[in-house]
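Each chain, letter by letter, is given below.
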Amino acid sequence: MVIIYPLGGGRVQKVQAGRYHLITSPLLASELQDAPPLVREWYEQFEANSEQADLSEAAVLLQQAYLAAGIVSRKWEADALHVAVATVSGCRLIVSWNFKHIVSFQKIPLCNGVNLSHGYGMIAIHSPLEVIENEEQDI
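Owing to the predicted nature of the structure, the values given are computational and were not obtained by experimental measurement. (Residues numbered from 1 in each chain as written. Predicted model: local features only at pLDDT ≥ 70, side-chain atom pairs only at ≥ 80, totals over all residues. Heavy atoms only, no water.)

**Examining the packing of helix α4 (residues 57–68) against helix α6 (residues 107–117)**
Each pair of packed helices can be described by the angle between their axes along with the distance between the axes.
Item 1. Packing of α4 against α6 brings their axes to within 10 Å, and their N-to-C directions diverge by 125°. By the angle between their directions, the pair α4 and α6 is classed as oblique. α4 and α6 meet at a crossing whose hand is right-handed. Between α4 and α6, the contacting residues are L62, A65 and Y66 on the first element and C111, V114 and N115 on the second. (Axes fitted to C-alpha atoms, helices over the stretch in contact; angles between N-to-C directions. Helix = DSSP H or I, 4+ residues; strand = E, 2+ residues; numbered from the N terminus. Parallel < 35°, antiparallel > 145°, perpendicular 65-115°, else oblique. Left-handed = near helix turned anticlockwise from the far one by under 90°. Contact = heavy atoms within 4.5 Å.)

Here it is as structure tokens:
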């Protein structure tokens, strides 16, 4: 499973074809309220082909573990909750534009250390540019 935040490009057809299984965070809807119209419109294209993860007690407990470990401060607790929701939901990958608090080579191993210590698997976290396939490659 994969949790994907707006990444742009021609992914709509691949999502509709079932190439990607999209799981969104329950926090995404409130964050999109302040997003530019183009971002909201882009997300609406994927909404019908995505599943929304649950905001469970287990996710909140894992978020608190990230905060206790000092991975992010309380000011950025929503970012910690995004990662926790994805982890508890069994996602293998988070794709995000948030380079400060989520897509960070310093924070990713810390999150995975907390995940492992709490009985969860590791999660890959990448930017959209890292996961978009080169359409011209013939592998």
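**Examining helix α3 (residues 37–47)**
Item 1. W42, Y43 and F46 are the residues of α3 that are buried. Angular distribution of buried residues about the axis of α3 spans 95°; they occupy a single face of the element. (Buried < 20%, exposed > 50% of the residue type's maximum accessible area, 1.4 Å probe, protein only. Arc of directions from axis to C-beta.)

**Looking at the packing of α4 against helix α5 (residues 77–88)**
Item 1. Remark: α4 packs on α5, axes separated minimally by 8 Å, with the N-to-C direction vectors making an angle of 130°. Here α5 runs oblique to α4, going by the angle between their axes. Crossing of α4 against α5: the hand is right-handed. Packed against α4, whose contacting residues are A58, A59, V60, L62, Q63, Y66 and L67, the element α5 presents E77, A78, A80, L81, V83, A84, V85, T87 and V88 at the interface.
Item 2. Among the residues making up the contact of α4 with α5, the classes are represented as 13 nonpolar, two polar and one charged. (Nonpolar A, V, L, I, M, F, W, Y, C, P; charged D, E, K, R; others polar.)

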